[in-house]
Amino acid sequence: MSNVSYHISNLLEKMTSTDKDFRFMATNDLMLELQKDSIKLDEDSERKVVTMLLKLLEDKNGEVQNLAVKCLAPLVSKVKEPQVETMVDTLCSNMVSDKEQLRDISSMGLKTVIAELPLSSSGGCRCFHFILSYFILSLPPSILPSSIFTPTLHQLTSPRMAVRKRSILALGHLVPCCSPALFSQLTEHLLTELAKGPPTSVTRTYIQCLATISRQGGHRVGEHLEKLIPMVVKFTGVEDDELREYCFQAFEAFIRRCPKEMSPHVATVTKLCLKFMTFDPNYNYDDDEEEEEDSMDIEDGLDEESDDEYSDDDDMSWKVRRSSIKCLEALIGTRRDLLLSFYSSVCPALLARFKEREENVRADVFAAFSTLLRQTRVGSSHHGLVVAPGSDPGSGRGEEEEPAVAMLKKQVPLIVKALHRQLKEKSIKSRQGCFCLLTELSHTLPGALEPHIPALIPGIVFSLTDKSTSSNMRIDALSFFHVLLLSHPPQAFQPHMQVLLPPVVACVEDSFYKITSEALLVTQQLVRVMRPQGQTATAGGFDPKPFVRQVFSVTLKRLKATDIDQEVKERAISCMGHMVCHLGDHLGAELQGVLAIFLERLKNEITRLTTVRTITLIAASPIKIDLSSILSETLSVLGSFLRKNQRALKLGTLACLTALVTHHAAAIKPAALEPVLSELPALVDEADMHVSQVSVTLLTCMAKACPSSLAKISSSVLPGVFRLVHSPLLQGGALAAILDFMQALVLSKTSNLGYSQLLKSLTEPFHSSPSSVDGGGVHRQSIHSVARCVAALSSACPKETPGTVAGLIQEVKSPGSPESARVLALLCLGEVGRSGSLGGSKEVQGVILEAFTSTSEEVKTAASCALGSMAVGSLNDFLPFLLKEISSQPRRQYLLLHSLKEVISACPASSLSPHVESIWALLFQNCECQEEGTRNLVAECLGKLTLVNPAQLLPRLKQQLKAGSPLARSTVVTAIKFTIVDQPKIFLKTSTLQDNDINVRRVALVMFNSAAHNKPSLIRGLLGTVLPHLYKETQIRKDLIREVEMGPFKHTVDDGLDVRKAAFECMYTLLDSCLEGLDVLQFLDHVEEGLKDHYDIRMLTFLMLARLVSLCPAAVLQRLDRLVEPLKATCTTKVKAGSVKQEFEKQEELRRSAMRAVAALLAVPEVERSPSMADFANQIRTNADMASIYQSVQGGEGGLGPAESMDMS
């Protein structure tokens, strides 16, 4: 420390020298010392250094002054708070000095200090408050915040350009914190001044100012647009290029900030943009001239000189064109609802401007057209209409095709015609723009460029081979080529292979790793082109043999290299894998060498995952690659990977082992699989169902291909499989995998794993457990899985079925059987009967009827499921019996309707057709049942029955809406909900939303919610009719609120709550499925009301608000001030001290949900411009309780924005 102090003292002494060079060198040395992390200053040294540097700010030599300012930056982090405050105080005092030079240098110093102050530190905050207080106190008391505008506005007419620009920036920063009245005053002032017709230079400033305050003020400009737009439109007619540029920049700001308010003016602005995007008075775009230019020698230097005449510095028309095109891009990006009109008006105009002579403007034309393509793709993918190349055009897709996509298809030839010529231009920026646009086109319309590939290939080859081409240009060209290969059929490229392959091969050998990596990806796809999967050696008339050697040699060179980039290593492995998979029969003796390298790479930790995936690909190759040379060692290495703690590697390894066992079983010895089998028990576990599923699939393949290898699994893997069967989490793919495994295992005839042993292992836990299923360690959900497994075993061994059925019937009848065993036996009978094995057994029917009389609800439910499953297997035997029971046994009706639902859901339409009328009549007899649960079951049965013959039954269902009681109407509306998922064309009656009965309206909202979720295309056209009724149902109706006396207490009951919940749930669904059809600001009005409603509805609206923030932040910002208050009220409300525990929990959950919405809002960068939001954020930060909730929400919710966005000080 003493050495540092001594050295610093020497430097400070030299700084007082009369020689300016001494002062300069000493200050420079001090700066170097301060930049060292190791330097520590004592308190005295700190004070002396700060004093000296502040004194040097007044030095007579400018270079010494500048160095002193630079020293302030590292000094801030080396000194304590009091010294920082001294620096700030002195700099602020200097800024009001009479000396202009001192004011300038001090402002630079203050800027440097502020930039270095840490935002998170308390000292930093205090210094900021100190600076702010200093300037506020230095203002005369008579000056109010509103008065700051007057001198700033006055400076807009200053003769100095720099002052005018600074004034515009200052006004822009003042706008977010000014009041609405002051904002209106500012706008009116600008309008008044523009109306006076000031000089052009001043007009430019005012228009620039308008654009700036629009960007900063956002939605507040919207209410003034009616006056602003005509004024700005008028000034586009003034013959001044810069003024026109600023006018279009203003239009762009209006469009981006106030898209809704701009709606009436879109046509006017579009017309102006289309007019001025071609504004080039100094150049004649003659088609003939273009053709001549194309025929000229590209390298002719004289042409470059003649072109320069048109890029003269005096010609500013390119700025007008660029700003009008950027304005069009803003329009396209914000108004997807006008996409069709853009295709008819804007698209042809943009295509015509592809010939633009100015490179920067042409890049903007490409960017605007790419935005149009992205908007088309967003809509198409949202509607699920973009299809993979090669799909059948006559599959009904054409009639569903979005109109915008159809219009774009017609433009594809014109796009290619306009671009293919530019792909050979010298301008790298233009070529990059072309490739980006064509990539977007390939993503938007996969397969659409197929007829034009011959026209595009010369341009791709030119960019790959041209010596003057930059690395980025080659990467862009390869990237586009890769997308083109992926999105178009291989046959389109085969005729051009001779031209395409050499430049790509050259790129694989390039010294720059990024080019090599991208080229290997392209090569991989070209291998697929040479011989698509499944084709014979010369299928389709194309012989890949002449090209194999060329591709193989360069790929092998990269595969062998170890001193190359990781990405290149992985892609070389993958590329060679594809080559072996597709063209392995052409590699001859060199194949074994490649496989040996793969084995090496498999043992390498860095490349093992890629190699595992590659070996999987090779193992499944249709050309049957001989892997015997590496198979044994590969299995051993793969077995060791199963114990690694890397999930992707485990899954890849299991897939690879499955492929090897499936396709190369003959070459695998049982002993080679032992390392694998020893690792599998740990993987078959409910903690990771997907890994378990893939592991069981591997076991199934082993049971089928190498049954002898499973001799020892009864003590290792099998207990884990049974634990999985008895797990309540088992379902879906994992359950299907276990069913396949059980069947394969019993058919493999492996010792100790016969039918009876497996059956005993499956059912034993249910016999030993007590009467309560859950109490004995076996979950009731697992009973269904076990029943499916028993049925699978039974279907694999039909000879054993009669004995099994007899045992199950006995189990149900036996009074001494545990309840869990009886439930299991009933479900097993149902699953066995589903395959038709039971016939119309009278004994079974008797057993089921007897079970219905049981006192146990579990047994009755199991009997219901069993009867439905049996009827599916033997429809003619069981369905009449079932229908008769429904009619004659009203007390069992609910259980029997469950059985009927199973029959209707699972039976094919052809089997059900003869019984439709009897079922239909029976269901309508029960559609007015007083029990809502029964009515819902009837509705589900009706809906699914309608799908058996929709053409005939849908009109009949529709008729029922016009007749019947409210209960019948609500049942029919609910039935329609169940037809939506499977029926492409279904009527949706909006009149049900206006029904007099509140319950009918509720189920109608639930039905529309289901339609919005499952088939949004059904309701997009109805939104205009549906939304007013939907919004109406979100209102609180006082006539539906009543008081109920409960002893000495009065309890308020809101009969409209369920309808409101259904309405808000429907609104939430519409956000995801039909956002483009919503007026978001109107939508937000109702969300705002929901924020003040009942607990359940507030929870929903908090979710909606967070979703809206991510989908359309600009609209939320417009309503921010109104949304903050209910959020703040929820976060600050406290429950009364004497309330019950549930009240505290509900309030806590409300606060957490509200805080999630707040966190989502604070993640939006522009939210801090709202004073009310900034105050609320500060309140959260300073309140320990709210801060802890905020931090916990931030920790648990990914993607809600950085925590530092909280700091608003």
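Quick note: structure is the one above.
Criteria and thresholds
- Residues numbered from 1 in each chain as written.
- Predicted model: local features only at pLDDT ≥ 70, side-chain atom pairs only at ≥ 80, totals over all residues.
- Heavy atoms only, no water.
- Core = buried A, V, L, I, M, F, W, Y, C linked by side-chain atoms within 4.5 Å.
- Buried < 20%, exposed > 50% of the residue type's maximum accessible area, 1.4 Å probe, protein only.
- Helix = DSSP H or I, 4+ residues; strand = E, 2+ residues; numbered from the N terminus.
- Contact = heavy atoms within 4.5 Å.
- Expected span 1.5 Å × (residues − 1).
- Pairing = 2+ DSSP bridges.
- Salt bridge = Lys/Arg side-chain N within 4 Å of Asp/Glu carboxyl O.
- 1 Å grid on protein atoms, 1.4 Å probe; cavity = no way out; pocket = protein on both sides within 12 Å on 5 of 7 lines; lining within 4 Å.
- Points joined across faces, edges and corners; volume = space filled by probe spheres on them.
- Nonpolar A, V, L, I, M, F, W, Y, C, P; charged D, E, K, R; others polar.
- Domains from an automatic or database assignment.

1. Observations concerning the nonpolar core
At step 1: Residues Ile207, Phe254, Phe369, Phe481, Leu680 and Leu900 are the most contacted members of the largest nonpolar core, which totals 349 residues.
At step 2: The element that contributes the greatest number of residues to this core is helix H36 (residues 732-747), accounting for 10 residues.
At step 3: Not counting chain neighbours up to four residues away, the residues in contact with Leu900 comprise Leu879, Leu882, Leu883, Ile886, Ile919, Leu923 and Cys941.
At step 4: Leu30, Val84, Cys92 and Leu102 belong to the second-largest nonpolar core, a separate cluster that totals 36 residues.

2. Examining the environment of Leu328
At step 1: Examined against the element boundaries, Leu328 turns out to sit in helix H17 (residues 317-334).
At step 2: For the pair Leu328 and Cys273, spaced 55 residues apart in sequence, the C-alpha separation works out to 6.5 Å.
At step 3: Beyond its immediate chain neighbours, meaning those up to four positions away, Leu328 contacts Thr270, Cys273, Leu274, Met277 and Val346.

3. Structural notes on helix H25 (residues 497-508)
At step 1: Between the first and last C-alpha of H25 there are 16 Å, a value that for 12 residues agrees with the 16 Å anticipated at 1.5 Å per step.
At step 2: Elements in contact with the buried residues of H25: helix H23 (453-465), helix H24 (471-487), helix H26 (513-530) and helix H27 (545-560).

4. Quick notes on the pairing of strand S2 (residues 1049-1054)
At step 1: Pairing of strand S1 (residues 1041-1046) with S2, which is carried by 6 bridges, proceeds in the antiparallel orientation. Each residue of the ladder has a partner; that of Ile1041, found in S2, is Asp1054.
At step 2: Linking S1 back to S2 in an antiparallel pair, the connection comprises 2 residues, with Gly1047 at a positive phi of about 65°.

5. A few points about the pattern of salt bridges
At step 1: As enumerated under the stated definition, the model contains 39 salt bridges in all.
At step 2: The residue Lys1061 makes a salt bridge to Asp1096 at a minimum N-O spacing of 3.4 Å. On the criterion of sequence distance, the pair formed by Lys1061 in helix H53 (residues 1057-1073) and Asp1096 in helix H55 (residues 1095-1111) is long-range, its members being 35 residues apart.
At step 3: By relative accessible area, which is 24% here, Lys1061 ends up partly exposed.

6. Looking at the side chain of His452
At step 1: Among the structural elements, His452 can be located in the loop between helix H22 (428-444) and H23.
At step 2: The exposure class of His452 is buried, given its relative accessible area of 17%.
At step 3: Residues contacting His452, with those up to four places away along its chain left out, are Val412, Pro413 and Val416.

7. Examining empty space enclosed by the protein
At step 1: Per the counting criterion, the structure on display carries 4 cavities of 30 Å³ or more.
At step 2: In this structure, the largest cavity occupies an estimated 50 Å³ of space.
At step 3: Going through the elements one at a time, helix H50 (998-1014) and H53 are the ones with two or more residues in the lining of the largest cavity.
At step 4: A per-class count over the lining of the largest cavity returns 3 nonpolar, 2 polar and 4 charged.
At step 5: Taken as a whole, the second largest cavity encloses approximately 50 Å³ of empty space.
At step 6: Lining of the second largest cavity is provided by Glu932, Arg935, Asn936, Ser970, Thr971, Thr974, Asn999, Arg1002 and Val1003.
At step 7: Going through the elements one at a time, helix H47 (932-946), helix H49 (966-980) and H50 are the ones with two or more residues in the lining of the second largest cavity.
At step 8: A per-class count over the lining of the second largest cavity returns 1 nonpolar, 5 polar and 3 charged.
At step 9: Two domains each put at least three residues into the lining of the second largest cavity: domain 4 (919-987) and domain 5 (989-1078).

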